[in-house]
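Close look at the chain arrangement
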Amino acid sequence: MKLILISIGIIFFITYTLPLIWAKINIGNVFGIALGILFVITGASFDLIMQLCKNPAIRILLIFALTVFIIFLISFIITLIKIIVHCSGNATCENVIIILGCRVKGKVPTRALVSRCSAGYEHLIKNKDSIAILSGGQGADEEISEAQCMKSVLISMGIDESRLIIEDKSTSTRENLEFSKKIIQSLGYTGKIAIATNEYHLYRATLIARQCGLNVSRLSGRSIRFLRIPAFTREVFGIWQLMIKKMIKRR
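A short tour of the structure in this document, coming up. (Residues numbered from 1 in each chain as written. Predicted model: local features only at pLDDT ≥ 70, side-chain atom pairs only at ≥ 80, totals over all residues. Heavy atoms only, no water.)

A word on the sheet that holds strand 6 (residues 193-198). Strands belonging to one sheet form pairs held by backbone hydrogen bonds; the direction of such a pair is parallel or antiparallel. Pairing is parallel across the open sheet formed by five strands, whose spatial order is 5-4-1-6-7. Each edge of the open sheet is held by one strand with a lone partner, namely strand 5 (164-167) and strand 7 (216-221). Across the sheet, the axes of successive neighbouring strands diverge by a mean angle of 25 degrees, strand direction being ignored. Bridge count between strand 1 (residues 96-100) and strand 6: four bridges; the pairing is parallel. Bridging from a neighbouring strand, Ile-98 pairs with Ile-195 of strand 6. On top of the sheet, helix 6 (residues 146-157) reaches strand 1, strand 4 (131-135) and strand 5; it is set at about 165 degrees to strand 5, its chief contact. (Pairing = 2+ DSSP bridges. Helix = DSSP H or I, 4+ residues; strand = E, 2+ residues; numbered from the N terminus. Axes fitted to C-alpha atoms, helices over the stretch in contact; angles between N-to-C directions. Contact = heavy atoms within 4.5 Å.)

Structure follows, in structure tokens:
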């Protein structure tokens, strides 16, 4: 059991640490690394823990901690399954798509942003009358806005500039969708809309879109394989945060 726990911990630690070579740290990485360390410590201290369990008070405390962890794990898995179920695209012939912004390194798009643009590109090619709203502001470490970067990417792919509308003031997914909604309303469009983002982000983006009063379908941009686990993990906490905020508002 000691070896199993330590091995699991090392796997978690490596899985969530390696992506930091290519991507910024986020709550997904922090959680995975912390969980890995916990498994290693538990495995290394397994004999001591077994000794402590002989004390009734400590045994009750450990059982309580284990119960809380199991409840947390079940909730985590249920949320993760929902994210995975909604990670594929279902858009067909929507006339308006919103491509959600993502980090830009100076003036260079990240792979995540390029994949979102690629998902939008495929839809624009299939639907010649459709237009795209490119939504994303400029961060402190970005030389241009995410929207402007996406425009350059899509034009380089062969999409006509006249089909691209820039929204470059937003700083979050919610603002992406709220500001894009205003543009859509100004166009007088009332039909169904598609949103393009990375697969791990689609479920949360769809939920936020509904809260903003948008009826949306999905366009899925594939993320880099070795970055997916931390990204999907992060989204679980993003969904929980969204649910908590919704509950607070209801009160």
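Before going further, it helps to spend a moment on the packing of helix 1 (residues 2-17) against helix 2 (residues 27-44). Helix packing for two helices is described by the angle between their axes and how far apart those axes are. It is at 7 Å that the axes of helix 1 and helix 2 come closest, and there the two elements cross at 160 degrees. It follows that helix 1 is roughly antiparallel to helix 2 by the angle criterion. Pair helix 1 / helix 2 crosses with left-handed handedness. Contacts from Lys-2, Leu-5, Ile-6, Ile-8, Gly-9, Ile-10, Phe-12, Phe-13, Tyr-16 and Thr-17 of helix 1 reach helix 2 at Gly-28, Asn-29, Gly-32, Ile-33, Leu-35, Gly-36, Ile-37, Phe-39, Val-40, Thr-42, Gly-43 and Ala-44. Looking at the contact of helix 1 with helix 2 residue by residue, the classes come out as 13 nonpolar, eight polar and one charged. (Parallel < 35°, antiparallel > 145°, perpendicular 65-115°, else oblique. Left-handed = near helix turned anticlockwise from the far one by under 90°. Nonpolar A, V, L, I, M, F, W, Y, C, P; charged D, E, K, R; others polar.)

To continue, consider the nonpolar core. Side chains of a nonpolar character, in soluble globular proteins, are inclined to be buried together. If you look at the biggest cluster of nonpolar residues, it comprises 36 residues, and the most contacted ones within it are Ile-97, Ile-99, Ala-132, Leu-134, Leu-154 and Leu-164. Where this core is concerned, the elements lending two or more residues are helix 2, helix 4 (56-85), strand 1, helix 5 (111-126), strand 4, helix 6, strand 6 and helix 9 (228-250). For Ile-97, the contacting residues outside a window of four places in its chain are Gly-120, His-123, Leu-124, Ile-131, Ala-132, Ile-133, Ala-194 and Leu-219. Core analysis: the second largest hydrophobic core is formed by 17 residues, Val-96, Ile-184, Ala-205 and Ala-209 among them. (Core = buried A, V, L, I, M, F, W, Y, C linked by side-chain atoms within 4.5 Å. Buried < 20%, exposed > 50% of the residue type's maximum accessible area, 1.4 Å probe, protein only.)

With that out of the way, let us pick up helix 2. In this model helix 2 runs 25 Å from its N-terminal to its C-terminal C-alpha over 18 residues, within 8% of the 26 Å that 1.5 Å per residue would give. Every buried residue of helix 2 is accounted for by Gly-28, Asn-29, Phe-31, Gly-32, Ile-33, Leu-35, Gly-36, Phe-39 and Gly-43. Contacts made by the buried residues of helix 2 are with helix 1, helix 3 (46-52), helix 4 and helix 9. The opening residue of helix 2, the one whose side-chain oxygen lies 2.7 Å from the backbone nitrogen of Gly-28, is Asn-26. (Expected span 1.5 Å × (residues − 1). Polar contact = N/O pair within 3.5 Å; in protein donor to acceptor, adjacent residues only side chain to side chain.)

Remark: helix 7 (residues 173-187) packs on helix 8 (residues 202-211), axes separated minimally by 9 Å, with the N-to-C direction vectors making an angle of 45 degrees. As the angle between them shows, helix 7 and helix 8 are arranged oblique. The chirality of how helix 7 crosses helix 8 is right-handed. Together, Thr-173, Arg-174 and Leu-177 of helix 7 and Arg-204, Ala-205, Ile-208, Ala-209 and Gln-211 of helix 8 make up the contact between the two elements. Residue classes in the contact of helix 7 with helix 8 are distributed as four nonpolar, two polar and two charged.

With respect to the secondary-structure elements, Asp-160 resides in the loop between helix 6 and strand 5. By relative accessible area, Asp-160 is classed as partly exposed at 46%. Separated by 145 residues in the primary sequence, Asp-160 and Thr-15 have C-alpha atoms spaced 41 Å apart. Here the side chain of Asp-160 touches Ser-162 through a polar contact of 2.5 Å, side chain to side chain.

Coordinates in, geometry out; function isn't part of it.
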